[in-house]
Amino acid sequence: MHSLLQEYLANLISKSDSVFKPICFQLSCGTWVWQHAAGILEFIPARYFEHSVILTAGVHGDETAPIEVLDQVIRDIAHNELKLQYHLVVVFANPQAIRQGIRFVDTNLNRLFASAYNSQSDGPPLGLDNYEYRRAAQLKQALHVIFARTAFTHRIHLDLHCSIKPSIYPVFAVKPYTEVGRAPVIYNCPIVYPVEALIHSRRASATLSYYTTNYLAANAATVELGQAAPLYKNPPAMLKSIYSNIRVQLAQNFSQPRFCILSDKHFVVKAEIIKQKLDFRFAADLQFNNFHPIASDRIIAYQTRFQPIFAKANQRICFANQAVEVGHRAALIVEKLA
Ligand SMILES: [Zn+2]
């Protein structure tokens, strides 16, 4: 077994990104492993495959449970305990934020995937050369290289997160808006993650799963797996649940067309509350648990002291975060579909 995969996460957090050079090697089981850059690993099984599964974690560096689980998945492959039946890409998206145990270093990485990969123009806007802009460009380039090299019939992407706030439905997912046509339906989908609620987006965004949906034609979703905890401090039951949902599901063979998320409760995004000014405040007495219902006509937040935002009937709040950067989303307002 190649030593690179032995303690991948421990190595990643103890060294700087520049130490992790592009490298390619073959495991004894025949699977080829490519490290494209720090935290970007591609596994190519020796046998024919038509599905490609992309598992990303650590887009927010302090959402650590899926980071630990993906490290275990890598170890399973290295020890030949997980026999891949598909092409697999594993990404630790924001290594520097993971090292520091923070959400991001300079800016929210999950707001930097609005446009297609472009080798000429990709990179930070003038005056905004920071870690996350460089990392977003590197991630897009690596995914471009991987998927330009081989055409996979079916691509599935789960972007794995944890929530800052408690949630009425602790495990839920967000299905990105699809610009052209419907989200691709996958036959024999190797992974169908069960969640308690699925939020359907109705607008373009700049998240990683929006990018893979619209620019890599992936069947993709952002999955919230429970409340965030520091690295190696996650409850064992939570880790076990995520691990078994990924590992056990991967061993199953679904013969029906499926989306990569399974849910019997569906919500749709009705509005995004954008923090427009520094003095943006949520109403002091509002409950911020994800999916918490808000009474009609009550004040949700104030853009300024004299500029309240009111709730409409049947609305619920998700992802409330007053501390976001100005111009970023401070909350999502969702409504349950019948
Ligand atoms: Zn997150």
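What counts and how
Residues numbered from 1 in each chain as written. Predicted model: local features only at pLDDT ≥ 70, side-chain atom pairs only at ≥ 80, totals over all residues. Heavy atoms only, no water. UniProt positions renumbered as here; feature names shortened; annotations may be inferred. Buried < 20%, exposed > 50% of the residue type's maximum accessible area, 1.4 Å probe, protein only. Helix = DSSP H or I, 4+ residues; strand = E, 2+ residues; numbered from the N terminus. Pairing = 2+ DSSP bridges. Donors = N, O, S within 2.8 Å, 3.2 Å for Na, K, Ca; no water. Tetrahedral: all angles 85-135°; square planar, octahedral: opposite > 155°, others 65-115°. Domains from an automatic or database assignment. Contact = heavy atoms within 4.5 Å. Buried area = accessible area lost by both parts, 1.4 Å probe.

As recorded in an unreviewed UniProt entry, the chain goes by the name Succinylglutamate desuccinylase, listed as coming from Catenovulum agarivorans DS-2. The record held by UniProt for the chain lists under Cofactor (unreviewed entry) the comment "Zn(2+)".

Student: Kindly report on the pairing of strand β9 (residues 197–200), identifying the contributing residues and their values.
Tutor: Both faces of β9 are covered, namely the face carrying Ala197 and Ile199 and the face carrying Leu198 and His200. The pairing of strand β7 (residues 172–175) with β9 spans four bridges and is classified as parallel. The residue of β9 that forms the bridge with Phe172 is Ala197. Bridge analysis of β9 against strand β12 (residues 266–274) gives three bridges, and the strand direction is parallel. Note that in β12 the partner of His200 across the bridge is Val268.

Student: Lay out the sheet that holds strand β16 (residues 308–310) with the relevant residues and their values.
Tutor: Ordered by their spatial adjacency, three strands build an open sheet running β13-β15-β16, and the pairing between neighbours is antiparallel. Looking along the sheet, the strands with just one partner apiece sit at the ends: β13 (281–282) and β16. Note: strand β15 (residues 299–302) against β16, three bridges, orientation antiparallel. Within β16, the position partnered with Ala301 by the bridge is Ile309.

Student: Explain the coordination of the zinc ion residue by residue, including any values.
Tutor: In an ideal tetrahedron of four donors about a metal, each angle is 109.5 degrees. In an ideal octahedron of six donors, the angles are 90 or 180 degrees. Within the first shell, the zinc ion binds the protein through His60 (ND1), Glu63 (OE), Glu63 (OE) and His161 (ND1), at distances of 2.0 to 2.6 Å. One can describe the donor arrangement at the zinc ion as irregular, given that its four donor atoms subtend angles of 55 to 148° at the metal. A relative accessible area of 3% places Glu63 in the buried class. According to the relative accessible area criterion, His161 is buried, its value standing at 2%.

Student: Give a description of the domain arrangement of the chain that names residues and reports values.
Tutor: Looking at the assigned domains, one finds that the chain contains domain 1 (3–262) and domain 2 (271–336). Placing a centre on the C-alpha atoms of domain 1 and another on those of domain 2 gives a separation of 29 Å. Domain 1 puts 18 residues into the contact, and the matching count from domain 2 is 15 residues. A combined buried area of about 1400 Å² lies between domain 1 and domain 2, and 60% of that area is made up of carbon and sulfur atoms.

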